[in-house]
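Coordinate analysis (summary)
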Amino acid sequence: MEFGREENGFAASQTRIRRLQFGCLLAMLLIEMAFFLLEDRASGLAYLLSERYLTLPAMAFLGASLCLGLPRRNRWHLYAGIAMVALFFLNQILHQVLESEAKQVGTFVCAYALCFPFAAATQDAQRQKGLKWMACLFVGVGTLLTAYAALLLGGVLPGYLQDYVYWDGARFYAMGHPNICATLLMIGMAFSVGFALQSRRLWAKAGLGVLALAQFAALSLTNGRTTIILTCLLLGGIAFCVLRGRGWKRFLPALLAAAVVMAAAFGMSRAVYGWNQARLTGQRAGALAVPGITAKADDIQPEEALVSEQYQGTLANDLKTLNGRTWIWKTAGWGLGDNPRIKYIGTEYVEMVLSRYGPLPVYHTHNSWLEALYRMGLPGFGAALVITVLAVWSAAVVLWRNTDLWKSCIALLSLCLLGCAMLEPYLFVVDVSYYYLDFLFLMCLGYLCLWRVEKAA
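Secondary structure assignment for the protein chain yields 17 helices and 2 strands. Burial statistics for the protein chain: of 457 residues in total, 51% are counted as buried. Contacts in the protein chain between residues at least 24 apart in sequence constitute 75% of all its contacts with a sequence separation of at least 6. Counting every atom, the protein chain has about 20900 Å² of accessible surface; 65% of that belongs to carbon and sulfur.

Okay, structure coming up:
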């Protein structure tokens, strides 16, 4: 009897800890939701919640996870997360000693103490409850951005949104930059397709399919070329996984179909953006009011009317420079040469270092690995490389061995996020402006690591 009571008590304790772990994830998601919904981030409320208070659910989750008796193969996720947090605090202490400003504590701690070890600490690899909660949030964000695009196209955007959602040239601008908006729409679309493939109800498949198409159309309006190309690759990869099935006999037909899907998606994207560009040019030429564009039609020629504020060129003429990023990477190299201390401990003042070499301010290195080097020195850069290898390896194994289409979508999305990270500082250092991308990537990585060692489904 005593043994039975002890066993029941242990089971009840485990259940309470599990509830606390998922409660911590829910608290994190609610703070993320506030960030997405609060368009006026200049007030500082969304940043304050993200920077400071995300530490609380992260520490509670870490404490609860350490109380559990985890299998040995799952413990390394927790230990790796703790090691990254320790590296971060050591780095911040060094920055403070040198009279630099320490910041973004909450987002970094939450990323590595909660998001990355979540799947292992909760043993959620099979149910994937936590991952689906986060996926639902990003589907909601993608839907919200698509609604913004529809309101902008219809000329009925509410006044309180017009300073945050508008046409930047002919690019759909929201969430602080067209490229960020494009990445969020890619994520929402990927999860929409994943849920559609997993659903058994025809109406749900149809609804999610329509939502995915709408998000892709809104993504096309951003003209985020890198993200659009990666999204086309993602769609082609999903098509390949669907048609390949459980064997490799259909490898070549599936590969051909994937190429057709990618080409069709890219053509559709160009057509949607070209149509909107022609529509806006026509309105400017006719001196009609265009919601979101504040310049007077008389002050600008029609052929110049849609030059983006971001000075974005065409895909053809900017392929060599990647819209000026190669020059930024060169300046980053010069900055490291002139400031060798950065290589060892990093700096909080990336903008000040990079902006010395050109007439315009450069806010970051436009590359996640370079940004990790600038923010945390060689230790941070080495950690970013390890995470990259782990993500590519895990995603490749899951895609090769597994036929679960939901898992394939997660693997493909993780690789696409790495592709985006080549041109933007989205990953590894958990900047407060992009922390939600880091959270998603690291949570997906945690699940991929567990799926990698499973038997093929």
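That covers the picture; the talk isn't over yet.
What follows is about the pattern of salt bridges. With the rule as written, the count across this model stands at 2 salt bridges. For the salt bridge of E371 with R375, the shortest nitrogen-to-oxygen distance reads 3.2 Å. Taken as a pair, E371 and R375 lie in helix 15 (residues 368-401) at a separation of 4 residues, close to a single helical turn. We classify R375 as buried; its relative accessible area is 13%. For R375, the salt bridge is made with D431, and the minimal N-O distance between the two is 2.8 Å. Residue R375 is found in helix 15, and its partner D431 is found in the loop between helix 16 (405-421) and helix 17 (435-452); the two are separated by 56 residues along the sequence. Each member of the pair, R375 together with D431, is buried.

The subject of this paragraph is helix 17. Between its first and last C-alpha atoms helix 17 spans 25 Å; for 18 residues at 1.5 Å apiece the expected length is 26 Å, and the two agree. Most of helix 17 is tucked away: 18 of the 18 residues are buried.

This part takes up helix 12 (residues 325-338). An α-helix turns once every 3.6 residues. As a result, residues three or four positions apart point the same way. With 14 residues, helix 12 extends 20 Å from end C-alpha to end C-alpha; this agrees with the ideal 20 Å at 1.5 Å per step. Turning to helix 12, its buried residues number three or more, namely R325, I328, T331, A332, G335 and L336. For helix 12, the buried positions fall inside an angular range of 145 degrees around the axis, keeping them on one side. Across from the buried face of helix 12, at angles greater than 90 degrees, the exposed residues are K330 and G337. On its buried face, helix 12 sits against helix 8 (178-198), helix 13 (342-345), helix 14 (350-354) and helix 15.

Now for the environment of G140. Here G140 lies in helix 7 (residues 129-154). Judged by relative accessible area, G140 falls into the partly exposed class, the value being 36%.

For the rest of this paragraph, the subject is the environment of C416. Within the fold, C416 resides in helix 16. Each C-alpha atom, one on C416 and one on I229, is 9.6 Å from the other, the two residues being 187 residues apart in sequence. With near-sequence residues (within four places) excluded, C416 lies in contact with M186, L230 and L234.

Residue position: N367 is located in the loop between helix 14 and helix 15. Within polar-contact distance, the side chain of N367 engages the backbone oxygen of M422 at 2.9 Å. Among residues more than four places away in sequence, those in contact with N367 are W329, A421, M422, L423, E424 and P425.

One pair of aromatic rings is described through two measures. These are the centre distance and the angle between the planes. Applying the stated criterion to the full structure yields 25 aromatic pairs. Between the aromatic rings of F35 and Y47, the centroid separation amounts to 5.8 Å while the plane-to-plane angle is 70 degrees, which identifies the pairing as edge-to-face. Of this pair, F35 sits in helix 1 (residues 2-37) while Y47 sits in helix 2 (residues 45-53), placing them 12 residues apart in sequence. F35 sits in the buried class, given a relative accessible area of 3%. Judged by relative accessible area, Y47 falls into the partly exposed class, the value being 27%.

The grouping of L26, L30, M33 and L37 at the surface amounts to a nonpolar patch, some 370 Å² of accessible area in total. Relative to the assigned elements, L26 resides in helix 1.

The next point concerns the side chain of H364. Tracing the backbone through its elements, the reader meets H364 in the loop between helix 14 and helix 15. A polar atom in the side chain of H364 sits 3.2 Å from the backbone nitrogen of H366. At a separation of 3.4 Å, a polar atom in the side chain of H364 contacts the side chain of Y434.

Parameters at a glance
Residues numbered from 1 in each chain as written. Predicted model: local features only at pLDDT ≥ 70, side-chain atom pairs only at ≥ 80, totals over all residues. Heavy atoms only, no water. Helix = DSSP H or I, 4+ residues; strand = E, 2+ residues; numbered from the N terminus. Buried < 20%, exposed > 50% of the residue type's maximum accessible area, 1.4 Å probe, protein only. Contact = heavy atoms within 4.5 Å. Areas by Shrake-Rupley, 256 points an atom, 1.4 Å probe, with all protein chains shown as cover. Salt bridge = Lys/Arg side-chain N within 4 Å of Asp/Glu carboxyl O. Expected span 1.5 Å × (residues − 1). Arc of directions from axis to C-beta. Polar contact = N/O pair within 3.5 Å; in protein donor to acceptor, adjacent residues only side chain to side chain. Phe/Tyr/Trp six-rings, centres within 6.5 Å; stacked < 30°, edge-to-face > 60°. Patch = residues over 30% accessible without salt bridge, like charges linked within 9 Å, V, L, I, M, F, W, Y side chains within 5 Å.

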